[in-house]
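Residues per chain are reported as follows:
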Amino acid sequence: MLVTGAAGGVGSVAVSLLSGLGYEVTASTGRRSEDGYLRDLGASEVIDRVELSEPGRPFGEERWAGAVDAVGSHTLANVIATTRYGGTVAACGLAQGPDLPATVLPFILRGVTLAGVDSVHCPLPRRVAAWDRLASDLDLDALDSMTTRADLGDVLDLAPRQLAGEVRGRTVIGI
Ligand SMILES: NC(=O)c1ccc[n+]([C@@H]2O[C@H](COP(=O)([O-])OP(=O)(O)OC[C@H]3O[C@@H](n4cnc5c(N)ncnc54)[C@H](OP(=O)(O)O)[C@@H]3O)[C@@H](O)[C@H]2O)c1
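Caption draft 1: Fine view of the overall build of the chain. Regarding its fold elements, the chain presents eight helices and eight strands. Its C-alpha radius of gyration of 16 Å places the chain within 12% of the 16 Å reference for a compact globule of 175 residues. Each of the three principal axes of the chain carries a C-alpha extent, and together these read 50 × 35 × 30 Å. Per-residue burial for the chain yields a buried fraction of 38% across its 175 residues. A separation threshold of at least 6 residues defines the contact pool for the chain, and within that pool the share at least 24 residues apart is 50%. When the accessible surface of the chain is totalled, it reaches about 9,900 Å², and 56% of it is carbon and sulfur.

Caption draft 2: Quick look at the layout of surface pockets. Estimated volume of the largest pocket: approximately 1,200 Å³. Along the wall of the largest pocket there are 27 residues; nearest its centre are Leu 17, Cys 92, Val 117, Ala 130 and Leu 134. Elements supplying a minimum of two residues to the lining of the largest pocket: helix 1 (9–20), strand 4 (64–69), strand 5 (83–91) and helix 6 (124–137). With eight residues, helix 6 is the single largest residue contributor to the lining of the largest pocket. Its residues assigned to classes, the lining of the largest pocket shows 19 nonpolar, three polar and five charged. For the second largest pocket, the calculated volume is near 750 Å³. Considering the residues around the second largest pocket, the lining is formed by 29 residues, among which Gly 5, Gly 8, Ala 70, Ala 95 and Gly 165 are closest to the centre. Elements supplying a minimum of two residues to the lining of the second largest pocket: helix 1, strand 2 (25–29) and helix 8 (155–163).

Caption draft 3: How the structure looks around the pairing of strand 7 (residues 147–151). As paired elements, strand 7 and strand 8 (residues 170–174) share five bridges and run parallel to each other. Following the sheet pairing, Asp 151 is matched in strand 8 by Gly 174.

Caption draft 4: Spotlight on the sheet that holds strand 6 (residues 113–116). Spatially, six strands are ordered 3-2-1-4-5-6 in an open sheet, and the strand pairing comes out parallel. Whereas interior strands pair on both sides, the edge strands pair on one side only; in this sheet they are strand 3 (43–48) and strand 6. Neighbouring strand axes in the sheet, compared pairwise and without regard to direction, differ in orientation by 20° on average. In this structure, strand 5 lies alongside strand 6, joined through four bridges in parallel fashion.

Caption draft 5: Up close: the nonpolar core. Grouped together as the largest cluster of nonpolar side chains are 18 residues, with contacts concentrated most on Val 3, Val 15 and Leu 38. Those elements giving two or more residues to this core turn out to be helix 1, strand 2, helix 2 (35–41) and strand 3. Among the nonpolar cores identified, the runner-up in size contains 10 residues, and Leu 76, Val 79, Ile 80 and Val 89 belong to it.

Caption draft 6: Fine view of the environment of Thr 113. Note on placement: Thr 113 falls in strand 6. Here Thr 113 falls in the partly exposed class, since its relative accessible area comes to 39%. Put simply, Thr 113 and Thr 75 are 38 residues apart on the chain and 16 Å apart in space, counted from C-alpha to C-alpha.

Calculation notes
Residues numbered from 1 in each chain as written. Predicted model: local features only at pLDDT ≥ 70, side-chain atom pairs only at ≥ 80, totals over all residues. Heavy atoms only, no water. Helix = DSSP H or I, 4+ residues; strand = E, 2+ residues; numbered from the N terminus. Rg over C-alpha atoms; globule rule 2.2 N^0.38 Å. Buried < 20%, exposed > 50% of the residue type's maximum accessible area, 1.4 Å probe, protein only. Contact = heavy atoms within 4.5 Å. Areas by Shrake-Rupley, 256 points an atom, 1.4 Å probe, with all protein chains shown as cover. 1 Å grid on protein atoms, 1.4 Å probe; cavity = no way out; pocket = protein on both sides within 12 Å on 5 of 7 lines; lining within 4 Å. Points joined across faces, edges and corners; volume = space filled by probe spheres on them. Nonpolar A, V, L, I, M, F, W, Y, C, P; charged D, E, K, R; others polar. Pairing = 2+ DSSP bridges. Axes fitted to C-alpha atoms, helices over the stretch in contact; angles between N-to-C directions. Core = buried A, V, L, I, M, F, W, Y, C linked by side-chain atoms within 4.5 Å.

In structure tokens form, the structure reads like this:
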């Protein structure tokens, strides 16, 4: 399974959950300094995000059984193009951009599924099911290791760093 934007909040949780469920996880990151962090969360391989972020071929060698993508744009297009027959890619974010410069080839020739993820309007029963899975599947030590706590007064300093992709994992703001 591939996770993009792996050192971010969504990516860190995805790496931990998937590895805990027994999947072999490849983490894609622009921060090779976080190799150790991502391996501690359960990644068995860490790749540089430049492998995926440039315009690529519409259809490539099959590499992933599935993926969680927090990045969008060319990265998501390349992930879809290199997902194995019958695989599913979850589109969660747009850290690289909201565009999707892809073709339909992986969908109609490999039966790849692109699954949308929305946490804002998600209906309550589905949230409860997701929370139940987090309660049973998310390792609390891993959650601690990916979580930084900060105060409301730190937000003005944190926000530009978050947008620049410099904040690791998740940040909990105490209010
Ligand atoms: N669909 C939903 O319901 C939902 C819910 C939550 C968040 N989101 C979206 O999901 C995305 C990730 O959220 P997050 O909370 O994990 O944010 P985050 O902590 O800022 O993580 C985003 C990660 O994306 C990577 N990244 C940043 N800029 C990039 C670029 N130009 N090209 C390629 N990769 C880049 C970085 O990871 P590396 O340093 O590892 O490369 C960064 O840590 C955001 O776009 C957010 O809006 C969606």
